[in-house]
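Inside the fold
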Number of protein chains: 2
Amino acid sequence: MHTPATLVRGGTSKCWLFNQVHVPADRAELEKMLVAAYGAGDPVELDGVGGATPTTSKAAIVSASPEPGVDVDYLFAQVGIGTGAVEWTSNCGNCATGVALYAVAKGMVPITGDRTRVVMRNTNTGAVLEGLVDTTGGVVHHFGRQTVPGTRAGGVAVGLTFREPAGGTTGLLLPTGRAAEELRVGTAGPVRVSMVDAGAPVVLVDAGSAGRTGAETLERMQAEVPWLRTVRHAAAPLMGLFEPGLHPGAEPGDAVPKVGLVGPPVPYTTTLGERVASEDYDISVRMLTMNAPHPAVGLTSAVAVAAAGLLEDSVVSRAAGGPTDEWLRLGTPAGVVAVRCTDVADGLPRRVTVQRAARLLADARIYVPETGSPQAA
Amino acid sequence: MHTPATLVRGGTSKCWLFNQVHVPADRAELEKMLVAAYGAGDPVELDGVGGATPTTSKAAIVSASPEPGVDVDYLFAQVGIGTGAVEWTSNCGNCATGVALYAVAKGMVPITGDRTRVVMRNTNTGAVLEGLVDTTGGVVHHFGRQTVPGTRAGGVAVGLTFREPAGGTTGLLLPTGRAAEELRVGTAGPVRVSMVDAGAPVVLVDAGSAGRTGAETLERMQAEVPWLRTVRHAAAPLMGLFEPGLHPGAEPGDAVPKVGLVGPPVPYTTTLGERVASEDYDISVRMLTMNAPHPAVGLTSAVAVAAAGLLEDSVVSRAAGGPTDEWLRLGTPAGVVAVRCTDVADGLPRRVTVQRAARLLADARIYVPETGSPQAA
């Protein structure tokens, strides 16, 4: 049996994309097929096309969507490495940019001039995203010069837009009703923070108010983890994410709110060794992902920073030199990522777009061992 | 630009195979193309089809051979990971088995009944090998149940034959003129060894004569490394591989002779956790590769063990219960590998065959960035 598939790079992930018409409709059969195709029964994915790392053992099943206003549905699959199982509960923004380019390249949506919009529904989570694919000249591009932090490789520019990102968790863009405020953290003096719910609930610390810069190295950020956890834990109940009295003795979790530092732009060197001048970006951002420094910035955190950047007096607009609804360039450890709010009404962004890049790496027919045969063991 | 290529697994390696007609003839251009296709400019090979490990960042260029008696030439490429360069000086036996299957599957050689012989010349080294590919029923198979040590994955059986392997380095199958002898190692008592030059120069220690079993775990073998180095260094001058007076103070190197223990079969558990009974194999083999325990057995070492197995009184024929020119099953840490001498004249094997397996994983068109463009950086 051989199955058509396309290997894409979306941002810093590699992902095989399958058209639904070529794979089993039954979820259990599909999972068996992916495990066999990836060789995912063993930890080096030797007998298949898997890349044996979390960012290179991903797949998505793409189909024309029956939903009005949606072009394509995609089901994201994190193919377990050596587990012989697939994790079906999450979404992947990097893969979404690959899906947008694939939908254009495979003729699943009509090309509309220099930019082609692909409306995508992630069927794992129900989230609807838009990919705005560079189709300059009205044609599909296979190569491009757009980059994303974390790799020097260029690709086709894909703007990835989150729709109606504000208040998704708490119901409010500003759960405390204020664009910025003083937060008392432990026994030290107060620090200035903005608590924002857009893309995800995020607490952003004005680095200067805390004796930091927002342009710390990853090594330095590693040392800040315990302190930033105390900031997260102090913010969680104020954002309605944790009710201290509800479970006596319990602590807030480490997934939300996301937490990080922001500061004015300063010259720095990326983890790839490239120099970034202060005029190359608008605001320094250093986030945690769970309890580790994020090597760049999570897409949902970038959305929150952009949303805060709309607001007078937020820690973001102060660091960036004033509120803006233009492209905001975030200086992250891995490099600069641009994000922009549009369709703004009463300070609420109805769309937030992150500038990403994707590239088709290969079109293939994968020889998939029959499940149950020795190859699939 | 997109380039046709086929991903094969040969034994425990993954390798992309290209037909010469689809790639640049100029070596420098070819190297640029491979680096771009693999994304090999960065250490995770993000922007391409490379697998970012030494065993999954390999390629070979296959062509119909102009050499009489040779079916296909192949040029092996070890694509450097993050170096942006290709290493062109070595051969890869695992990839050779993939080349044999590819040559059959792509119609480069006629199928001849249940087994199809492919004569291959490795143009890096000039070595000529034969692949005997399972074509049961007179057809190409894409899947099979043959396994090799180091993976549970099954593939199509490919017998890989080394031609005229005896005396390649020293001119003699037995450089000392004896099938076995006592070797004094350091200050301890003598141990019984066979010093054989077939495939490569190898010194094989009768494990029992040294208070070992030949069925040691990899952990235990790690502890034996210093002692086995002294065996290697004692054997080197006797095999003509090192002249002590030539460079005063110099020590023998660690590449040759290859060194290891052999012993009678005993029940053991492979590194994959599988039980092997003593009747499942003929001889225990534990080799070093340079100064580390080999996880299985190098193909050239397997050739030497088989050649020694032909000879009355060698440490191999004694451990295996007598000389044999049938398949000899070597029990290695990773599992059992079978090897056989044929065309034997006066104790000299003119051909030695190792039983291997290969599988086509995918046929693809790889989108290769123009070299010099940002993608290739």
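Given the structure is predicted, the values throughout are model-derived calculations rather than measurements. (Residues numbered from 1 in each chain as written. Chains lettered and ligands numbered in written order. Predicted model: local features only at pLDDT ≥ 70, side-chain atom pairs only at ≥ 80, totals over all residues. Heavy atoms only, no water.)

A look at the interface of chain A and chain B
Inclusion rule: Residue contacts are counted whenever heavy atoms from the two residues lie within 4.5 Å of one another. Here's the idea: put two parts together, see how much 1.4 Å probe accessible area each one loses, and the total over both is what we call buried area. Any carboxyl oxygen of Asp or Glu within 4 Å of a side-chain nitrogen of Lys or Arg constitutes a salt bridge here. As used in this structure description, the phrase polar contact means that two N or O atoms lie within 3.5 Å; if the pair is within protein, one of them must be able to donate a hydrogen and the other to accept it, and residues adjacent in sequence are counted only when both atoms belong to side chains. Helix and strand assignments follow DSSP, with helices taken as H or I runs no shorter than four residues and strands as E runs no shorter than two, numbered in order from the N terminus. Residues were grouped as follows: Ala, Val, Leu, Ile, Met, Phe, Trp, Tyr, Cys and Pro as nonpolar; Asp, Glu, Lys and Arg as charged; and all remaining residues, including Gly, as polar. Pairing between strands requires that DSSP locate at least two bridges from one strand to the other.
With 35 residues of chain A in contact, the opposing surface of chain B contributes 35 residues. Buried surface at the junction of chain A and chain B, both sides included, amounts to about 3000 Å², of which 55% is carbon and sulfur. The interface formed by chain A and chain B holds 6 salt bridges in total. Where R365(B) meets D363(A), a salt bridge forms, and the shortest distance between an N and an O atom there is 3.3 Å. At the junction of chain A with chain B, the criterion picks out 18 residue pairs in polar contact (both at pLDDT 80 or more). Counting only elements with at least two residues in the side of chain A that touches chain B, the list comes to strand 1 (2-10), strand 2 (13-19) and strand 19 (348-367) of chain A. With 9 residues, strand 19 of chain A is the largest single contributor of residues to the side of chain A that touches chain B. Its residues assigned to classes, the side of chain A that touches chain B shows 15 nonpolar, 11 polar and 9 charged. In this structure, strand 19 of chain A lies alongside strand 19 (residues 348-367) of chain B, joined through 5 bridges in antiparallel fashion. Considered in strand 19 of chain B, the bridge of A364(A) is made with A364(B).

Here we look at the domain arrangement of chain A
Residues and elements named next belong to chain A. Formally: The domain limits used here are those given by an automatic or database domain assignment.
Domain annotation for chain A reports domain 1 (2-164 + 359-376) and domain 2 (181-346). Broken down residue by residue, the surface that domain 1 buries against domain 2 is led by P149, R152 and F162, which jointly contribute 74%. Scanning the region where domain 1 abuts domain 2 turns up 1 salt bridge. As a salt-bridge pair, E274 and R152 come within 3.2 Å of each other at their nearest N and O atoms. Residue assignment for the side of domain 1 that touches domain 2 shows that the elements contributing at least two residues are helix 2 (93-105) and strand 8 (156-163). A class-by-class count of the residues in the side of domain 1 that touches domain 2 yields 3 nonpolar, 4 polar and 1 charged.

Digging into the relation of the copies chain A and chain B
Threshold: Least squares is used to superpose the copies, and the fit set is the C-alpha atoms of residues whose pLDDT is at least 70 in both copies.
For the pair chain A and chain B, the relating rotation is 180°, the translation along its axis is 0.0 Å, and the fit reaches an RMSD of 0.1 Å. Accordingly, the operation relating the two chain copies is best matched by a two-fold axis. Ranked by how close their C-alpha atoms come to the rotation axis, the residues of chain A are headed by A364(A), at 2.0 Å. Of the residues that chain A buries at the interface, 100% are likewise interface residues in chain B, meaning the two copies contact each other through the same surface.

Quick word on helix 4 (residues 299-309) of chain A
What counts is decided by this rule: Each residue's exposure class comes from its accessible area (1.4 Å probe, protein chains only) as a fraction of the maximum for that residue type: buried when under 20%, exposed when over 50%, partly exposed otherwise.
Among the 11 residues of helix 4 of chain A, 10 are classified as buried, and the element is accordingly described as predominantly covered. Those residues of helix 4 of chain A lying buried are L299(A), S301(A), A302(A), V303(A), A304(A), V305(A), A306(A), A307(A), A308(A) and G309(A).

Some details on the environment of V49(B)
In this structure, V49(B) sits in the loop between helix 1 (27-38) and strand 3 (58-64). Among the residues examined, V49(B) registers a relative accessible area of 9% and is labelled buried. Sequence spacing of V49(B) and D197(B) is 148 residues, and the spatial spacing of their C-alpha atoms is 39 Å. Among residues more than four places away in sequence, those in contact with V49(B) are L7(A), K14(A), A362(A), W16(B), A37(B), Y38(B) and I366(B).

A closer look at empty space enclosed by the protein
All names here are of chain B. Threshold: We place a 1 Å grid over just the protein atoms. Points where a 1.4 Å probe fits but has no way out form a cavity, open points with protein on both sides within 12 Å along at least 5 of 7 lines form a pocket, and any residue with an atom within 4 Å of a point lines it. Grid points are joined across faces, edges and corners, and a volume is the space filled by probe spheres set on the points.
The full count for this structure, using the stated rule, is 2 cavities of 30 Å³ or more. Its volume calculated, the second largest cavity comes out at about 30 Å³. Residue contributions to the lining of the second largest cavity peak at 3 residues, all from strand 18 (residues 335-345). Here the residues of the lining of the second largest cavity are counted per class, giving 4 nonpolar, 1 polar and 3 charged.

A look at the state of the cysteines
Filter applied, for reference: Any two cysteine sulfur atoms within 2.5 Å of one another count as a disulfide.
In total, this model carries 0 disulfides over all chains according to the counting rule given. Note on C95(B): no disulfide assigned, nearest cysteine sulfur contributed by C92(B) at a separation of 3.2 Å.

Some points on helix 3 (residues 218-238) of chain A
Residues and elements named next belong to chain A. Note the following rule: In this analysis, the expected span of each helix is defined as 1.5 Å times one less than the number of residues it contains.
Compared with an ideal rise of 1.5 Å per residue, which puts 21 residues at 30 Å, helix 3 spans 28 Å between its outermost C-alpha atoms and is within 8% of the ideal. When helix 3 is considered as a whole, its buried residues turn out to be M221, E224, V225, W227, L228, V231, R232, H233, A235 and A236. Among the structural elements, strand 9 (181-183), strand 10 (191-198), strand 11 (200-206), strand 12 (258-263), strand 15 (283-289) and strand 16 (292-293) are those in contact with the buried residues of helix 3. G240, located one to two residues past helix 3, shows a positive phi value of around 80°.

Things to note about the confidence of the model for chain A
Detailed reading of the predicted coordinates is not advisable wherever pLDDT falls low. Convention followed: Values of pLDDT, the confidence the predictor places in each residue, fall between 0 and 100.
For chain A, per-residue confidence averages 93 on the pLDDT scale, and residues scoring 70 or more make up 97% of the total. Scored below 50 in pLDDT, residues 373-377 of chain A shows 16 contacts in the model against residues more than four places distant or in partner chains.

Focus: the pairing of strand 10 (residues 191-198) of chain B
Successive residues of a regular strand alternate their side chains across the two faces of the sheet. Residue and element names in this part refer to chain B. In terms of burial, strand 10 is a largely internal element, 8 of the 8 residues being buried. The two faces of strand 10 match: V191, V193, M195 and D197 on one face and R192, S194, V196 and A198 on the other face are all buried. As defined by bridge partners, strand 9 (residues 181-183) adjoins strand 10 across 3 bridges and the pair is classed as antiparallel. Within strand 10, the residue paired with E181 across the bridge is V193. Summarising the sheet, strand 10 and strand 11 (residues 200-206) pair through 6 bridges and their orientation is antiparallel. Residue pairing across strands places M195 opposite V203, the latter belonging to strand 11. Here strand 10 folds back onto strand 11, and the loop between the two strands holds 1 residue, one of which, G199, carries a positive phi near 80°.

Points about the packing of aromatic side chains
Defined as follows: Each aromatic pair joins two rings of Phe, Tyr and Trp (for Trp, the six-membered one) with centres within 6.5 Å, and gets the label stacked for planes under 30 degrees apart, edge-to-face for over 60, and tilted for any other angle. Only Lys NZ and Arg CZ are tested; either one counts as a charge over a ring when it is within 6 Å of the ring centre and within 35 degrees of the ring normal.
Overall, the coordinates contain 2 aromatic pairs over all chains when judged by the stated rule. Between Y268(A) and Y281(A), the ring centres sit 5.4 Å apart and the planes meet at 75°, which makes this aromatic pair edge-to-face. In this pair, Y268(A) is assigned in strand 13 (residues 268-269) and Y281(A) in the loop between strand 14 (275-276) and strand 15, connecting sequence segments 13 residues apart. Among the residues examined, Y268(A) registers a relative accessible area of 7% and is labelled buried. Its guanidinium or amino end placed over the ring of W88(B), R27(B) lies 4.6 Å from that ring's centre, counting from NZ or CZ. The ring centre of W227(B) lies 3.8 Å from the NZ or CZ of R212(B), which sits over that ring.

Some remarks on unusual backbone geometry
Residue and element names in this part refer to chain A. Although it is not a glycine, E45 adopts a positive phi angle of roughly 45°. Here E45 lies in the loop between helix 1 (27-38) and strand 3 (58-64). In this model, E164 sits at a positive phi of 45°, which is unusual for a non-glycine residue. The topology assignment puts E164 in the loop between strand 8 and strand 9. Owing to a relative accessible area of 45%, E164 belongs among the partly exposed residues under this scheme.

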